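# Working through the structure, step by step
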Amino acid sequence: MKIISINAGSSSLKFSLFNMDDESVIASGLFERIGIEGSKYTIKYNGEKISQEIELPTHVDAVNILLDKLTDLNIIESLDEIHGVGHRIVQGKDIFKESVIVTDEVMEKLDTIKGFAPLHNPANMLGIEAFRKVLPNVPMVAVFDTAFHQTMDEVSYLYPVPYSWYKDFGVRKYGAHGTSHRYIANQVKKILGKDEYRLISCHIGNGGSITAIKDGKCVDTSMGFTPLAGIMMGTRSGDIDPSIIPYVMEQDGKNASEVIDDLNKRSGLLGMSEYSSDMRDVLEKCDEQNERAIVARDKYVRRVVDYIAQYYVLLGGADVIVFTAGVGENSVPVRRQICEELACLGVKIDIDANNKRGEFVKLSTDDSKIDVYVIPTDEELMIARDTMDLINR
Ligand code: AMP
């Protein structure tokens with residue numbers, strides 16, 4: 001069975017084509033600058049990579065070209081081989097608690113909640129609409145970044161604000177990266193060979209979130225009403241005192257959305273280092289003893305450790321900590337620093353094991369009180385798995 005996994009942005013469309021018999025990736029690629037000048041696509045298959053500049057006025061054009069290329073390049077023999085298309089949706093609110101087959105009713109419901117993720121959901125919907133137009137008889141599945149976090153209880157998901165904000169305006173914690181955390185939980189279950197475990201999943205990349213998971217279910221997560229909350233990220237501040245916002249508005253003559261833009265795009269590693277949002281660049285500056293970079297790195301580590309400690313207590317201890325995403329999978333010094341700060345919880349890692357990058361590895365030593373792993377995340381595969389499961393039901 002072949003399934004396409006799609007992540008559509010407002011001007012991009014990322015795809016992976018899976019052979020679900022062995023969960024291998026047959027082809028993957030990206031359509032960029034859709035609707036703007038200089039649009040192009042890149043497709044990787046069979047160890048080859050092709051790239052072409054081509055006019056892509058709409059997402060429908062991108063989907064048409066993608067499907068043409070899949071057959072022209074003999075990646076598939078005919079479109080009949082595509083049994084389903086899974087779509088990533090950033091925000092499902094408390095309406096979508098799990099993945100669903102896309103129907104007209106689902107599209108109507110999505111339309112009512114798009115304002116909760118105005119930069120992402122309308123773009124995700126464009127992807128669905130384009131595929132529904134081009135492949136009207138192929139089932140589509142929507143997979144939500146927020147769905148995994150729907151098992152949080154009220155104590156976790158409500159903010160200590162007037163309850164009417166929740167009742168009237170839907171103000172609550174929704175979380176994000178749920179598909180990644182769910183993938184990690186599934187992998188941990190396989191590694192441990194049991195359903196009962198306390199896991200702290202650290203998805204730390206340019207965006208980042210930490211999730212407390214008990215027996216496969218989310219108990220709490222660091223992102224909030226929006227993905228601006230929680231740990232410090234590449235350009236996002238994470239949690240701050242909200243009173244800073246009106247104060248800076250007054251001082252700087254900015255309006256609220258301009259300050260929120262600063263918190264989303266000019267804070268985090270970039271804001272603190274005054275150099276780069278990329279951890280590799282920040283670490284290079286740290287090696288040169290650049291003070292701003294050192295403080296930025298140390299704050300980044302501190303915020304991760306803060307959340308791990310918080311969730312350790314919430315879960316009544318932890319059996320496993322997992323690092324995933326760009327920094328978690330690759331950044332040897334950041335992982336080491338985090339684990340050193342967790343020594344008081346009995347965390348001990350093997351320095352040689354920690355030198356590996358971008359691959360599955362157990363970092364903890366046999367006498368560590370908590371198992372620590374690096375597990376490369378695979379949201380695309382999780383989307384394809386959900387799509388196959390729903391189609392087969
Ligand atoms: P992501 O958003 O998951 O793609 O993660 C991007 C982040 O991962 C950036 O801050 C990168 O600097 C970081 N990253 C990727 N590779 C490395 C590496 N080899 N060492 C340190 N950080 C890395």
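As shown above, the structure is provided for reference.
First, a word on what this report is: a plain description of the structure on this page. Per-chain numbering applies: the sequence of each chain, read as written, is numbered from 1 onward. Local features in a predicted model are, by the rule used here, given only for residues with pLDDT of at least 70; side-chain atom pairs are given and counted only at 80 or more, and totals for whole chains, interfaces and linings are based on all residues. To get the side-chain values, take all heavy atoms of the structure and skip hydrogens and water.

## Considerations on the site of the ligand
With respect to spatial proximity, the complete set of residues near the ligand consists of G205, N206, D278, M279, R280, A325, G326, V327, N330, S331 and R357. Take N206: an N or O atom from its main chain is 2.8 Å from an oxygen atom of the ligand. Counted as a polar contact is a pair of N or O atoms within 3.5 Å, where, for protein atoms, one must be capable of donating a hydrogen and the other of accepting one, and residues adjacent in sequence contribute only when both atoms are in side chains. Between an oxygen atom of the ligand and a main-chain N or O atom of M279, the distance comes to 3.0 Å. Using a 1.4 Å probe, accessible areas were evaluated by the Shrake-Rupley method; residue-level cover was limited to the displayed protein chains. Considered on its own, the ligand offers 500 Å² of accessible surface; in the complex 72% of this is hidden by protein. Within the residue set of the shell around the ligand, elements represented by two or more residues are α10 (279-287) and α12 (325-330). Helix and strand assignments come from DSSP, with helices taken as H or I runs of at least 4 residues and strands as E runs of at least 2, each series counted from the N terminus. Sorting elements by how many residues they give to the shell around the ligand places α12 first, with 4 residues. Residues are labelled near a given molecule or strand when at least one of their non-hydrogen atoms is within 4 Å of it.

## Looking at the nonpolar core
Core analysis: the largest hydrophobic core is formed by 42 residues, its most contacted members being I200, I210, Y300, I308, I321, F323 and I338. Looking at this core, the elements with two or more residues in it are β9 (198-204), β10 (208-214), α10, α11 (291-314), β12 (320-324), α13 (332-341) and β14 (371-374). Here this core gets 9 residues from one element, more than from any other, and that element is α11. Should any heavy atoms of two residues lie within 4.5 Å, those residues are considered in contact. When neighbours within four sequence positions are excluded, I321 is seen to be in contact with I200, C202, I308, L342, V347, I370, D371, V372 and Y373. Counting residues in each nonpolar core, the second largest holds 40 residues, with L17, M107, L110 and A142 among its members. What is meant by a nonpolar core is a set of buried Ala, Val, Leu, Ile, Met, Phe, Trp, Tyr and Cys residues, joined one to another through side-chain atoms within 4.5 Å. A 1.4 Å probe rolled over the protein chains alone gives each residue an accessible area, and that area as a share of the maximum for its type sets the label: buried under 20%, exposed over 50%, partly exposed in between.

## Points about the state of the cysteines
Here, two cysteine sulfur atoms that lie within 2.5 Å of each other are counted as a disulfide. On inspection of all chains with the given rule, the structure shows 0 disulfides. With no disulfide partner, C286 has as its closest neighbouring cysteine sulfur the one in C339, 18 Å distant. Of the residues examined, C286 reaches a relative accessible area of 5% and is grouped as buried. The thiol of C339 is not disulfide-bonded; the next cysteine sulfur, from C202, is found 8.8 Å away.

## Some points on the packing of aromatic side chains
Note on ring pairs: Phe, Tyr and Trp rings are taken, using the six-membered ring of Trp, and paired if centres are within 6.5 Å. Classes follow the plane angle, with under 30 degrees stacked, over 60 edge-to-face and the rest tilted. Summed over all chains, the structure comprises 9 aromatic pairs. Taking the centre distance of 6.2 Å and the plane angle of 40° together, the rings of Y174 and F225 count as tilted. Here F225 lies in the loop between β11 (217-221) and α7 (244-252) and Y174 lies in the loop between α5 (163-169) and α6 (178-192), a separation of 51 residues in the sequence. The exposure class assigned to Y174 is buried, which follows from its relative accessible area of 0%. Through a chain of ring-to-ring contacts, three or more aromatic side chains come together here, namely F116, Y174 and F225. In this scheme, the term charge over a ring applies when either NZ of a lysine or CZ of an arginine sits within 6 Å of the ring centre and within 35 degrees of the ring normal. Between the NZ or CZ atom of R172 and the centre of the ring of Y157, over which it lies, the distance is 3.7 Å.

## Considerations on the pattern of salt bridges
Pairing is possible between side chains of opposite charge, provided their charged atoms come close. Only one rule defines a salt bridge in this text: a Lys or Arg side-chain nitrogen within 4 Å of an Asp or Glu carboxyl oxygen. Applying the stated criterion across every chain yields a total of 26 salt bridges. Note that E380 is salt-bridged to K14, the shortest N-O span being 3.9 Å. Within this pair, whereas E380 is found in helix α15 (residues 379-392), its partner K14 is found in strand β2 (residues 13-19), the two being separated by 366 residues in sequence. Of the residues examined, E380 reaches a relative accessible area of 25% and is grouped as partly exposed. In this structure K14 comes out as partly exposed when scored by relative accessible area, which is 42%. Two residues, E23 and R385, come together in a salt bridge whose shortest N-O distance is 2.8 Å. With E23 in the loop between β2 and β3 (24-32) and R385 in helix α15, this residue pair connects regions lying 362 residues apart in the sequence. Since its relative accessible area comes to 13%, R385 is described here as buried. Through salt bridges with shared partners, a single ionic network connects D252, K254, D261, D262, K265 and R266.

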